[in-house]
Amino acid sequence: LKGLGLYDGKIVDLNKPAVLLEDRGYQFGDGVYDAWKVVDGKHFLRKEHLDRLERSCRLLDIKPCYSREEIEGFSDSLVEESGVNDGAMYLQWTRGWESPRSHVFNENLRPLLSGSIIPIPPLPLDAWTTGNKVITYPDQRHLFCHIKTLNLLGSIMAKNAAHRNDCEEALLVREHQGRSIVTECSSSNCFAVKDGVMYTAPLGNLILPGITRAAILGLAGQCEINVVEEYVSPEFFKEADEAFFTNAIAIRPIVMIDGRPVGSGNVGPVFQKLNAKYQKMMRGN
Ligand code: PMP
């Protein structure tokens, strides 16, 4: 199975050139994106992801030139024409193209929609029985973390440092109001569990409001797990009973931070409970 691309509303070959040199997304990272999972040929939480994509556009004054229905249609076509049953859907809006490039943008540009579908094999079962390792890494990103912008350099450097250290993710650490806090991961939200209480960073401009984060908070409510949406320190994460991270592609237990085991070093019961519910939710039962 092969991936398939979308550029300016047309289905295209993913591996052939399509992007305009003067597209502001290419020149400036002047754009936004969203991504969700396709499970058994169905779009998982597409409405929520498209709501966030619209909000990202609004916050940057990008005015989409397709309706919600048209965008749903493009994503349906990507699934149908690619034949991908399990995969990742990606859509991005850039502010449009103009030449010569200029920091000052023309208010009347027609934005450009592009995207792709990529097949992803269902995760191996041991992805959540053996757990994942993470490192801590300085959060060097801008202050637009609540907008899903194309400016991902801070995330990319963090994720690659993690991979070089044989880790799956990086817990991003920022100095904030005189203390050291964990914001989120390079492409995930993160949670710590201590004495049965689940902690995660509050919504605000220092984290992305994850769609999976919201789903997990909903499931935690159903399981009557107490949740505290407050910043905690990297030390708190290291001394937690359990930790995990979430994104639209996967939710994963963290069993090691900076080479030291978290809690017992095994996947914890809170994660297992939430994961069981989440897997069911994803498969529509
Ligand atoms: N934080 C960041 C920085 C991300 O890039 C992502 C992935 N898009 C997330 C959190 C998780 O968000 P979601 O659950 O909506 O995929």
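Position labels on residues start from 1 in each chain and follow its written sequence. Confidence filtering applies because this is a predicted model: local features only for residues at pLDDT of at least 70, side-chain atom pairs given and counted only at 80 or more, and all residues used for totals across whole chains, interfaces and linings. The basis for every side-chain value is the complete set of non-hydrogen atoms in the structure, without hydrogens or water.

### Details of the overall build of the protein chain
A count of helices and strands for the protein chain gives seven helices and 15 strands. In this description the radius of gyration comes from C-alpha coordinates, and the expected globular size is given by 2.2 Å times residues to the power 0.38. Since a compact globule built from 285 residues should have a radius of gyration of about 19 Å, the 19 Å found for the protein chain is in line with a globular shape. Projected onto its principal axes, the C-alpha positions of the protein chain cover 55 × 45 × 35 Å. Categorising residues by exposure relies on relative accessible area from a 1.4 Å probe, with only protein chains included: less than 20% of the type maximum marks a residue as buried, more than 50% marks it as exposed, and the intermediate range marks it as partly exposed. Put simply, the protein chain has 285 residues, and 51% of those count as buried. Exposure was quantified through the Shrake-Rupley algorithm and a 1.4 Å probe, taking into account, for residues, occlusion by the shown protein chains and nothing else. Here the protein chain displays about 13,900 Å² of accessible surface, and carbon together with sulfur accounts for 53% of that area. Positive charges are assigned to Lys and Arg, negative charges to Asp and Glu, while His and the chain termini are left out of the count. In this description, the location of a charge corresponds to atom NZ of lysine, CZ of arginine, CG of aspartate or CD of glutamate. For the protein chain, the centre of its 32 positive side-chain charges and the centre of its 36 negative side-chain charges are spaced 1 Å apart. Working definition: helices are DSSP H or I runs of at least four residues, strands are E runs of at least two. Numbering for both runs from the N terminus.

### Overview of the packing of helix α5 (residues 211-222) against helix α7 (residues 269-282)
Where α5 contacts α7, the two axes come as close as 10 Å, and the packing angle between them is 115°. By crossing handedness, the relation of α5 to α7 is classed as right-handed. Between α5, through Thr212, Ala215, Ile216, Leu219, Ala220 and Gln222, and α7, the contact on the second element is made entirely by Leu274, Lys277, Tyr278 and Met281. To get an axis, fit a line to the C-alpha atoms, keeping to the stretch in contact for a helix; angles then go from 0 to 180 degrees between the N-to-C directions. Should the near helix be turned counterclockwise from the far one by less than a right angle, the crossing is left-handed, whereas a clockwise turn marks it as right-handed. Residues are treated as being in contact if the distance between any of their heavy atoms lies within 4.5 Å.

### Section: the pairing of strand β11 (residues 197-200)
Side chains Val197 and Tyr199 project from β11 onto one buried face, and the interleaved Met198 and Thr200 project onto a second face that is buried too. Pairing between strands is defined by DSSP: at least two bridges between them are needed. As judged from the four bridges shared by strand β10 (residues 189-194) and β11, these two strands associate in the antiparallel manner. Residue pairing in the sheet places Ala192 in a bridge with Tyr199 of β11. Connecting β10 to the next strand, β11, in antiparallel fashion are two residues, including Asp195 with a positive phi near 50°. Pairing analysis gives four bridges linking β11 to strand β12 (residues 226-229), with the strands arranged parallel.

### With respect to the packing of helix α2 (residues 46-59) against helix α3 (residues 68-82)
The geometry of α2 relative to α3 is characterised by a closest axis approach of 12 Å and an angle of 125° between their N-to-C directions. In terms of orientation, α2 and α3 fall into the oblique class. α3 is crossed by α2, and the crossing has right-handed handedness. Along the contact surface, α2 presents Arg46, Lys47, Leu50, Asp51 and Glu54, while α3 presents Arg68, Ile71, Glu72, Ser75 and Asp76. Residues belonging to the contact of α2 with α3 are distributed by class as follows: two nonpolar, one polar and seven charged. Roughly parallel covers angles under 35 degrees, roughly antiparallel covers those over 145, roughly perpendicular covers 65 to 115, and oblique covers all other angles. Each residue gets one of three labels, nonpolar for Ala, Val, Leu, Ile, Met, Phe, Trp, Tyr, Cys and Pro, charged for Asp, Glu, Lys and Arg, and polar for the others, Gly among them.

Function cannot be read off these values alone, since they describe shape.
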